[in-house]
Amino acid sequence: MSKKISIAIDAMGGDNSPDKIIEAIKFFITKYETNDDFVLNVFGKKEEILKKISKYNVPLKHINLINSDKKVSNEQSPLTAIKNSKDSSMWSCIKHQLDGKSDISLSAGNTGVLLVVSKMILKMINEVSKPALAGLWPSQTGMSVVLDLGANIDCNEQNLLEFSELGSALYKSLFPNLKPKVSLLNIGSEEVKGTESLRLASKKLRNLSNEENFIYNGYIEGNEIMTGKANVIVTDGFTGNIALKTAEGTAKFIIKNLKSSLTENFFTKISLFFSYFSLKKFQKKLDPRKYNGAILLGLNGPVVKSHGGTDSTGFFHSIELCYKIVKGDLMNLVKINLKNLKDV
């Protein structure tokens, strides 16, 4: 019998936890229990979690509950929280992964603490100089991987090359039947545009571009991210985080104003009645909960950060993301991809 996918889950991180975590686990088990190929290692205050399991009527068959009385607080300063994080539910997740008992870790807790703790415990892959946070973005042709989303402010050309290989490996693990198409986020499509690091990285990416690795499509501008021109979009963490927050804010603005316009008067409400299903489809595509979960790449094991303010539906999608990442054999694909960097 093949080894089951093992996911370590911090049940105490984020808003409204552990309620939303346990309800999300129920959603996940309901969808995937017939596969019978996974175990969820749930870390947190055992008595409290058992009450929530009873409340949401969650079957225990796929759950391994591990007691952890401490949790990382969002009210403490990042430095204090890091110092106090040892033996917390977050720390215990990552340690479980280090010990080979889990394949991947998931937390909705403090982002800065999770990044530092993950790097401290799992350590960096030898061939990677900086970790990167990757996220999934919808596009006209499906889904794209965008990285870095905020783990690093400054990046040189070598970092961008590494991010390209890491992002391509992630894309392959999630969409094995599709070819990664890499682009560098820039202020223009011409080769002379952008910083020196971008121009140097672009030249080297052309040498790495092939059918076995990824196809390099040159530069991409911010207004083209969702066109599908590229499905792996690489940038530094400063630019990536601004792009992410801008996209999130734009989506909220569109939905809020669309709702306001369509309920403005009697006639607009009639038009809403006739276009209801199309609008629901549109709203579903822009629902940020569907894309919840940033993947920390570059460590000796994947770690997923859920948005702390998401609900149970959003956290369900991050558990599902973990499941697909492990099922897609991400770490082996990372290992294969990073070998390409020896040629540049």
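Everything here concerns the structure above.
Residues numbered from 1 in each chain as written. Predicted model: local features only at pLDDT ≥ 70, side-chain atom pairs only at ≥ 80, totals over all residues. Heavy atoms only, no water.

Participant: So, the overall build of the protein: which residues are in play, and what are the values?
Facilitator: For the protein, the helix and strand inventory stands at twelve helices and eleven strands. Here the C-alpha atoms of the protein give a radius of gyration of 21 Å, agreeing with the 20 Å that 2.2 N^0.38 yields for 344 residues. Residue burial in the protein is summarised as follows: out of 344 residues, 50% are buried. Put simply, of all contacts in the protein between residues at least 6 apart along the chain, 71% involve residues at least 24 apart. In the structure as shown, the protein presents an accessible area of about 16,900 Å², 55% of it carried by carbon and sulfur atoms. Computed over 46 positive and 35 negative side-chain charges, the separation of the two mean positions in the protein equals 3 Å. (Helix = DSSP H or I, 4+ residues; strand = E, 2+ residues; numbered from the N terminus. Rg over C-alpha atoms; globule rule 2.2 N^0.38 Å. Buried < 20%, exposed > 50% of the residue type's maximum accessible area, 1.4 Å probe, protein only. Contact = heavy atoms within 4.5 Å. Areas by Shrake-Rupley, 256 points an atom, 1.4 Å probe, with all protein chains shown as cover. Lys, Arg positive; Asp, Glu negative; His and termini not counted. Charge placed at Lys NZ, Arg CZ, Asp CG, Glu CD.)

Participant: Mind laying out a nonpolar patch on the surface, listing which residues take part and the relevant values?
Facilitator: Taken together, Ile153, Phe238 and Ile242 make up a surface patch of nonpolar side chains, about 300 Å² in accessible area. Among the secondary structure elements, Phe238 is positioned in helix H8 (residues 237-262). (Patch = residues over 30% accessible without salt bridge, like charges linked within 9 Å, V, L, I, M, F, W, Y side chains within 5 Å. Salt bridge = Lys/Arg side-chain N within 4 Å of Asp/Glu carboxyl O.)

Participant: Describe the packing of helix H6 (residues 157-174) against helix H11 (residues 312-327), and please don't skip the residues or the numbers.
Facilitator: For any two helices packed against each other, the geometry is given by the interaxial angle and the distance between the axes. Two numbers describe how H6 lies on H11: the axes approach to 8 Å, and their chain directions differ by 95 degrees. In this view, H6 runs roughly perpendicular relative to H11, as classed from their interaxial angle. Along its contact with H6, which presents Leu170, Ser173 and Leu174, the element H11 presents Leu321, Lys324 and Ile325. Looking at the contact of H6 with H11, its residues break down into four nonpolar, one polar and one charged. (Axes fitted to C-alpha atoms, helices over the stretch in contact; angles between N-to-C directions. Parallel < 35°, antiparallel > 145°, perpendicular 65-115°, else oblique. Nonpolar A, V, L, I, M, F, W, Y, C, P; charged D, E, K, R; others polar.)

Participant: Report on the layout of surface pockets, specifying residues and quantitative values.
Facilitator: In this model, the largest pocket occupies a volume close to 1,500 Å³. Forming the walls of the largest pocket are 49 residues, and the residues nearest its centre are Trp137, Leu244, Ala247, Glu248 and Pro288. Counting only elements with at least two residues in the lining of the largest pocket, the list comes to helix H5 (111-122), strand E5 (132-139), H8 and helix H10 (276-286). Looking at which element gives the most residues to the lining of the largest pocket, the answer is H8, with 14 residues. Class assignment of the residues belonging to the lining of the largest pocket gives a composition of 21 nonpolar, 19 polar and nine charged. (1 Å grid on protein atoms, 1.4 Å probe; cavity = no way out; pocket = protein on both sides within 12 Å on 5 of 7 lines; lining within 4 Å. Points joined across faces, edges and corners; volume = space filled by probe spheres on them.)

Participant: Run through empty space enclosed by the protein, naming residues and quoting values.
Facilitator: Counted by the stated rule, this structure contains one cavity of 30 Å³ or more. In this structure, the largest cavity encloses a volume near 30 Å³. In terms of lining, the largest cavity is formed by Ile125, Leu166, Leu296, Leu297, Gly298, Leu299, Gly301, Pro302, Met331 and Val334. For the lining of the largest cavity, the elements supplying multiple residues, two or more each, are strand E10 (294-297) and helix H12 (330-338). Residues of the lining of the largest cavity, tallied by class, amount to eight nonpolar, two polar and no charged.

Participant: Tell me what's going on with the packing of aromatic side chains, and back it up with residues and numbers.
Facilitator: Across all of its chains, the model carries six aromatic pairs by this definition. Taking 5.5 Å as the distance between ring centres and 75 degrees as the angle between the ring planes, the aromatic pair formed by Phe28 and Tyr323 counts as edge-to-face. One end of the pair, Phe28, is in helix H1 (residues 19-32); the other, Tyr323, is in helix H11, with 295 residues separating them in the sequence. Per residue, the accessibility class of Phe28 equals that of Tyr323, and both read buried. A centroid spacing of 6.2 Å and a plane angle of 85 degrees characterise the contact between Phe38 and Tyr323, whose relative ring orientation is edge-to-face. (Phe/Tyr/Trp six-rings, centres within 6.5 Å; stacked < 30°, edge-to-face > 60°.)

Participant: Can you lay out the side chain of Ser92 for me, pointing to particular residues and giving the numbers?
Facilitator: On the secondary structure map, Ser92 appears in helix H4 (residues 89-98). Reaching out from Ser92, the side chain makes a polar contact with the backbone oxygen of Ser88 at a distance of 2.8 Å. Non-local contacts of Ser92, meaning those with residues more than four positions away in its chain, are made with Phe43, Ser68 and Asp87. (Polar contact = N/O pair within 3.5 Å; in protein donor to acceptor, adjacent residues only side chain to side chain.)

Participant: Any chance you could break down the pattern of salt bridges for me, citing the residues and the numbers?
Facilitator: Counted according to the given criterion, the structure contains twelve salt bridges. Here Asp103 and Lys3 are joined by a salt bridge, their closest N and O atoms 3.0 Å apart. Of this pair, Asp103 sits in the loop between H4 and strand E4 (104-107) while Lys3 is found in the segment before strand E1 (5-10), placing the two residues 100 residues apart along the sequence. In this structure Asp103 comes out as partly exposed when scored by relative accessible area, which is 25%. For Lys3, a relative accessible area of 58% translates into the label exposed. The residue Lys61 makes a salt bridge to Asp36 at a minimum N-O spacing of 3.8 Å. With a gap of 25 residues between them, Lys61 in the loop between helix H2 (46-55) and strand E3 (63-67) and Asp36 in the loop between H1 and strand E2 (38-44) connect regions that are remote in the sequence. The class of Asp36 is partly exposed, set by a relative accessible area of 32%. Among the charged side chains, a salt-bridge network with shared partners connects Lys4, Asp36 and Lys61.

Interpretation in functional terms is not warranted from these geometric data alone.
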